[in-house]
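Close look at the chain arrangement
One-letter residues, chain by chain:
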Amino acid sequence: MTKKIHINTMGCQMNVYDSGQILNRMAPLGYTPTEELAEADLIIVNTCAIRAKAEQKAFSFLGRLATLKGLKPELIIGIGGCVAQQEGRKIMSRMPYVDLVFGTHAIPRLPSIIERITATRCRIVDVKQAPTLAPEDFTTGPFTATDVSAFVTIMRGCDNYCTYCVVPYVRGRESSRPPEQVVSEIRHMVAHGVREVTLLGQNVNSYGQKEGLCTFDQLLAMIDGIDGLERIRFTTSHPKDLSPALMQAFAQLPKLCPHIHLPVQSGSDATLKRMNRRYDTRHYIEKVARLRQIRPDIAITSDIIVGFPGETQADFEATLQLIRQIGYDGLFAFIYSDRPNAPAARFDGKLDEATKKERLQAVLTCQETFTLQKNKALVGSAQQVLVDGLSKHVSNENEMDEPVLDAPSTGVQWSGRTGTNRIVHFLNEPSADSGNEMLTGRILELMIEKAMPHSLWGRLTPHPIGSSGKGAHPYAA
Ligand code: 5AD
Ligand code: SF4
């Protein structure tokens, strides 16, 4: 009998991957995915605990499900991910309509848990964690994704214990998957049309070290050899573990995209020390310089936390100074948020909300100039873009509402990404022999004609590049 599963995925890319794993695991039990809450027999909320706001979002969504459960008592509601791991049994008393709380290591056990709930209508909490990964912790099929680009988790957990961070408590100890398993999963994905993979881990730079597997750069080299795969990305890197061999990989591996997300968190050495980051700004700046020497076109992005306990005005100005000095291609900035278990929650010197908001705004304003400047520098250049599909629906806040160009009135708007991870929109004129559906998954050369704050506008050039897509390049002879 077919049943419907609805998953609401919140938070990071690892949760997106985990939700795919949940779908794979539940398919043999007859569950097929649905976007519609009302038609679901099983609703899974895959939560994020990185900041208080993310946690509130999960609880407010769960709150809305109470009415649904009232109307449909046989509905099974499960909460998974980092909030489930963190709160465990407490969720059961707070939300009597929740049937299941499962932690970040419980996904492989989900099918048997759901079978038990279906048979006995019991309520289950499973937040057990294991120190190492087992081979059966991951499944490669049935493969449900249809996108050109896919995430692949290569390691779980974190042993770094940055003082603000909840991850080591909710995702457990760092543990890496064997390289053969990762390679075989990617081959499987490529066979299903995936052209680009993003390797995921809290700190991919320390991949395999604990278990004595290969190093991360060696893993990248293996993946680079997979036929049919066009691009490799990875996230996230800890600056202290960024090795010379990994930096060299940017010059040596043709499929490795010239982009690194290298979170600095703060530009103040005193703050970095209290964050337990175990590098200082001098080392960070040296590593960035080396990366740019090895791969001059590399895009560098970062995360910044503003308002960490005890952050003085001088500390904050040092962060702004570092942002200006590095000249990032993009930046994610966050207001510091107390997390249960994380030591910084007990630190003195908490800042008031108004100061934190002001600092966040100052960081965003400072970065805006750089992002636009870097985008503008690409106008007039030819970029290779992996097409990921038709441009998403254009909303009111979206910059694509700007009249981008004197764009031809016919044609369909597509989007893709450069190797440096910039979004490029472009038009393709339909013609008799080139159905528009043909472009997804192809690498095309686009001449960049206009830069916007968060994306670029390009025009197809007559040079066919990629051979991976299904169908011919529209301009090919
Ligand atoms: N408060 C604010 N930001 C945080 N991050 C992690 N923990 C916190 C916290 N408690 C940010 C860091 C990290 C990104 C994923 O989230 O910048 O790199
Ligand atoms: Fe959190 Fe630090 Fe681990 Fe990243 S490296 S997940 S910020 S503890």
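Residues numbered from 1 in each chain as written. Chains lettered and ligands numbered in written order. Predicted model: local features only at pLDDT ≥ 70, side-chain atom pairs only at ≥ 80, totals over all residues. Heavy atoms only, no water.

Re the site of ligand 1
Near ligand 1, the surroundings consist of Ile-50, Arg-51, Tyr-164, Gln-265, Asp-303, Ile-305, Phe-334, Ile-335, Tyr-336, Ser-337 and Arg-339. At 2.9 Å from an oxygen atom of ligand 1 is found a side-chain nitrogen or oxygen belonging to Arg-51. Separating an oxygen atom of ligand 1 from a side-chain N or O atom of Asp-303 is a distance of 2.6 Å. About the coverage of ligand 1: the protein hides 86% of its 410 Å² of free accessible area. If you list the elements that add at least two residues to the shell around ligand 1, you get β13 (299-306) and β14 (330-335). (Near = heavy atom within 4 Å. Polar contact = N/O pair within 3.5 Å; in protein donor to acceptor, adjacent residues only side chain to side chain. Areas by Shrake-Rupley, 256 points an atom, 1.4 Å probe, with all protein chains shown as cover. Helix = DSSP H or I, 4+ residues; strand = E, 2+ residues; numbered from the N terminus.)

A short note on the confidence of the model for the protein chain
When pLDDT is averaged along the protein chain, the result is 91; 90% of the residues meet or exceed 70. Note on residues 394-408: pLDDT under 50 across the span, and 25 contacts to partners over four residues away in sequence or across chains. For residues 467-477, every residue scores under 50 in pLDDT, and the model assigns this stretch 24 contacts once sequence neighbours within four places are set aside. (pLDDT = per-residue confidence, 0-100. Contact = heavy atoms within 4.5 Å.)

Points about the side chain of Asn-8
Within the secondary structure layout, Asn-8 lies in strand β1 (residues 3-9). Residue classification places Asn-8 among the buried positions, given a relative accessible area of 17%. (Buried < 20%, exposed > 50% of the residue type's maximum accessible area, 1.4 Å probe, protein only.)

Notes on unusual backbone geometry
A negative phi angle is the norm for most residues apart from glycine, just as the trans form is the norm for most peptide bonds. Omega for the peptide link from Thr-235 to Thr-236 comes to 5°, which places this bond in the cis form. Within the chain, Arg-121 stands out as a residue other than glycine whose phi angle is a positive 55°. Even without glycine at this site, Asn-341 takes up a positive phi of about 80°. Relative to the assigned elements, Asn-341 resides in the loop between β14 and α13 (353-376).

Re helix α8 (residues 216-224)
For α8, the set of buried residues is Phe-216, Asp-217, Leu-219, Leu-220, Ile-223 and Asp-224. Here the buried residues of α8 occupy an arc of 155° about the axis, which is enough to place them on one side. Buried residues along α8 sit against α7 (179-191), β10 (196-200), β11 (231-235) and α9 (244-252). (Arc of directions from axis to C-beta.)

Brief notes about the pairing of β11
Most of β11 sits inside the fold, with 5 of its 5 residues counted as buried. Because side chains alternate across β11, one face comprises the buried residues Arg-231, Arg-233 and Thr-235, and the other comprises Ile-232 and Phe-234, equally buried. Two elements, β10 and β11, share 5 bridges in a ladder whose sense is parallel. What sits directly across from Glu-196, in β11, is Arg-231. Handedness of the crossover joining β10 and β11 through α8: right-handed. (Pairing = 2+ DSSP bridges. Right-handed = clockwise from strand over helix to strand, strands pointing away.)

What to know about the domain arrangement of the protein chain
Each assigned domain of the protein chain is listed with its residue range as follows: domain 1 (3-126), domain 2 (135-375) and domain 3 (382-460). Taken together, the contact pairs 16 residues of domain 2 with 20 residues of domain 3. Buried area between domain 2 and domain 3, both sides added, is near 1300 Å², and the carbon and sulfur share of it is 57%. Here Arg-422 and Asp-329 are joined by a salt bridge, their closest N and O atoms 2.7 Å apart. One can count 8 residue pairs in polar contact (both at pLDDT 80 or more) joining domain 2 with domain 3. Counting only elements with at least two residues in the side of domain 2 that touches domain 3, the list comes to β11 and α13. It is α13 that provides the largest number of residues to the side of domain 2 that touches domain 3, a total of 4 residues. Looking at side-chain class alone, the side of domain 2 that touches domain 3 contains 5 nonpolar, 3 polar and 8 charged residues. (Domains from an automatic or database assignment. Buried area = accessible area lost by both parts, 1.4 Å probe. Salt bridge = Lys/Arg side-chain N within 4 Å of Asp/Glu carboxyl O. Nonpolar A, V, L, I, M, F, W, Y, C, P; charged D, E, K, R; others polar.)

A short note on the pattern of salt bridges
Within the structure shown, the criterion is met by 22 salt bridges. Residue Asp-18 is joined to Arg-171 by a salt bridge in which the shortest nitrogen-to-oxygen separation is 2.9 Å. On the criterion of sequence distance, the pair formed by Asp-18 in helix α1 (residues 13-26) and Arg-171 in the loop between α6 (167-170) and β9 (175-176) is long-range, its members being 153 residues apart. Assessed through its relative accessible area of 4%, Arg-171 is described here as buried. Counted as one network, the salt bridges with shared partners bring together Lys-69, Asp-99 and Arg-121.

Quick look at the sheet that holds strand β4 (residues 76-80)
Read across the sheet, 6 strands follow the order β2-β1-β3-β4-β5-β6 without closing on themselves; strand pairing throughout is parallel. Across the chains shown, the open sheet's two edge strands, defined by having one partner strand only, are β2 (31-33) and β6 (124-126). Direction aside, neighbouring strands of the sheet carry axes that sit 20° apart on average. When strand β3 (residues 42-47) meets β4, the two strands line up parallel, connected through 5 bridges. Bridging from a neighbouring strand, Leu-42 pairs with Ile-76 of β4. Lying over the sheet, α1 contacts β1, β2, β3 and β5 (100-102), oriented at roughly 170° with respect to β1. (Axes fitted to C-alpha atoms, helices over the stretch in contact; angles between N-to-C directions.)

Some points on α9
Looking only at α9, the buried set comprises Leu-246, Met-247, Ala-249 and Phe-250. The buried residues of α9 all sit within an arc of 145° when viewed along its axis, so they share a single face. Along α9, exposed side chains directed more than 90 degrees from the buried face belong to Pro-244 and Gln-252.

Structural notes on the environment of Lys-240
The topology assignment puts Lys-240 in the loop between β11 and α9. Here Lys-240 falls in the partly exposed class, since its relative accessible area comes to 24%. Spatially, the C-alpha atom of Lys-240 lies 5.8 Å from that of Tyr-279, the residues being 39 residues apart in sequence. Contacts of Lys-240, omitting those with residues within four sequence positions, involve Asn-160, Asn-203, Arg-277, Arg-278, Tyr-279 and Lys-287. At 2.9 Å, the side chain of Lys-240 and the side chain of Asn-160 are in polar contact.

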